[in-house]
Amino acid sequence: ISAPFIRSLKILSRVDGFDAMSIEKLLWKKVREEDIGGGIMFSYGSVIGLLRGEEITDPEYKMEYLLSLFPQYFDNRWVAESIGGTISALVNKAKDDDLSDRLLNMALPRACGGVHELTPSSVILGWMAIKGGGARGNTAAMDAAVRLLQATARDGNLCASSLAGVKYVVEDELIFLYGEGYAVISPLYKQKLFSFLLSPLDQYIGKTNEALCLDQLLSIFGCLLVSVPSEVVLDNRDTVFPMVFKGLEGTNVDVKLSSLLLLPKLWENIAIRESFSLIIGNFIGQVVVALCDSRSKLLRKAAADCLACISTFPHEKIYPHSEHVLSALDSGVSDRKKMVRKAAVRARAFWLRIGDQG
């Protein structure tokens, strides 16, 4: 039912006289009377998305019923995700902020309050509720994000779905900010989010032994780091720098790439640059490894660009590594991808001057 129904629904919604309310009532009856499947629930949530808030009848009753349904489908990811999507739509489409908060407060404790009772499907419910609440400006989502991190630490099976919820909050932090004063509030919110999540992220990155969880945690960390002022990064350098290095040490291409793209931006700040110069030798080796990684041309280019940036660090800090770097760049200038070759040629010119200066 789901895919053909949704395609038809999108077409019909553009037709004058289309009555989404009648379809919503029909699908709600099916939800109430039948052994639901993911298609029915997904379709119902999609119809909710077409309605105005005042057109949705008894939203709190519907929220309570969906929450009561949820435990029956812990082991059915498709239905669980569809219920979560419908919950998100109900929160999003609430006719006013008071109703939105009431609905969100019904959903979040069920999904994120009892960490010990969480299942993979209930975490999906949690992040869908976060999505709905976040779109309405409810900053309770930050607390829920920490609870989802706790869930990941307790049970690796929750990793993918719980971290998806955290990443949604981190990447789409702008959904919490709208209206007057946005330009002033935005940096403050980003800084608050960074401060709120940095400590639990550091804790769980240090304790996880699962590669998938570690990659996703480091990816979330990268999203956080690029959105805060350099002064905040500097104040937390004892935590931040080892986490950046851990990202470079890993095997996930996306995480390594985000780390390499992040470093030159951090080094634009003079104080951060001076702090990094004390440990730059540790990073050079990992950047060289990335330059030789055959899996991604973007990763190799970013590594070459990063080496060009490192060439401007104090001579006495980088000269001992010049022979090793030039050997890697010699391979880079013959890379099969033009974008990598150009970046390697540029970086090599800088490092040749370092070698010549002795």
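Look a little higher up for the structure.
Residues numbered from 1 in each chain as written. Predicted model: local features only at pLDDT ≥ 70, side-chain atom pairs only at ≥ 80, totals over all residues. Heavy atoms only, no water.

### As for the overall build of the chain
Inclusion rule: Segments assigned H or I by DSSP are reported as helices when at least four residues long, segments assigned E as strands when at least two residues long, and all are numbered from the N terminus. Between buried and exposed lies partly exposed: a residue is buried under 20% and exposed over 50% of the maximum accessible area for its type, with that area taken using a 1.4 Å probe on protein chains only. Should any heavy atoms of two residues lie within 4.5 Å, those residues are considered in contact. Working definition of accessibility: Shrake-Rupley area with a 1.4 Å probe, residue cover restricted to the visible protein chains.
Looking only at helices and strands, the chain features 20 helices and 0 strands. Out of the 358 residues in the chain, the part that is buried amounts to 49%. Put simply, 70% of the contacts in the chain that link residues at least 6 apart link residues at least 24 apart. Here the chain displays about 16,900 Å² of accessible surface, and carbon together with sulfur accounts for 51% of that area.

### Re unusual backbone geometry
In terms of backbone geometry, most residues other than glycine have negative phi values and most peptide bonds are trans. For Asp58, which is not glycine, the phi dihedral falls at a positive 50°. Topologically, Asp58 is positioned in the loop between α3 (38–48) and α4 (59–69). Residue classification places Asp58 among the exposed positions, given a relative accessible area of 53%.

### Some points on the nonpolar core
Test applied: Buried Ala, Val, Leu, Ile, Met, Phe, Trp, Tyr and Cys residues form a nonpolar core when they are joined through side-chain atoms within 4.5 Å.
By size, the foremost hydrophobic cluster in this structure holds 64 residues, and its most contacted members are Phe221, Leu225, Leu260, Phe276, Leu307, Ile310 and Trp351. Setting aside chain neighbours within four positions, we find Leu225 in contact with Phe194, Val233, Val240, Val244, Leu262 and Leu266. Judged by nonpolar contacts, the second largest core, of 31 residues, contains Leu27, Trp28, Val31 and Ile56.

None of the figures reported here should be taken as evidence of function without further support.
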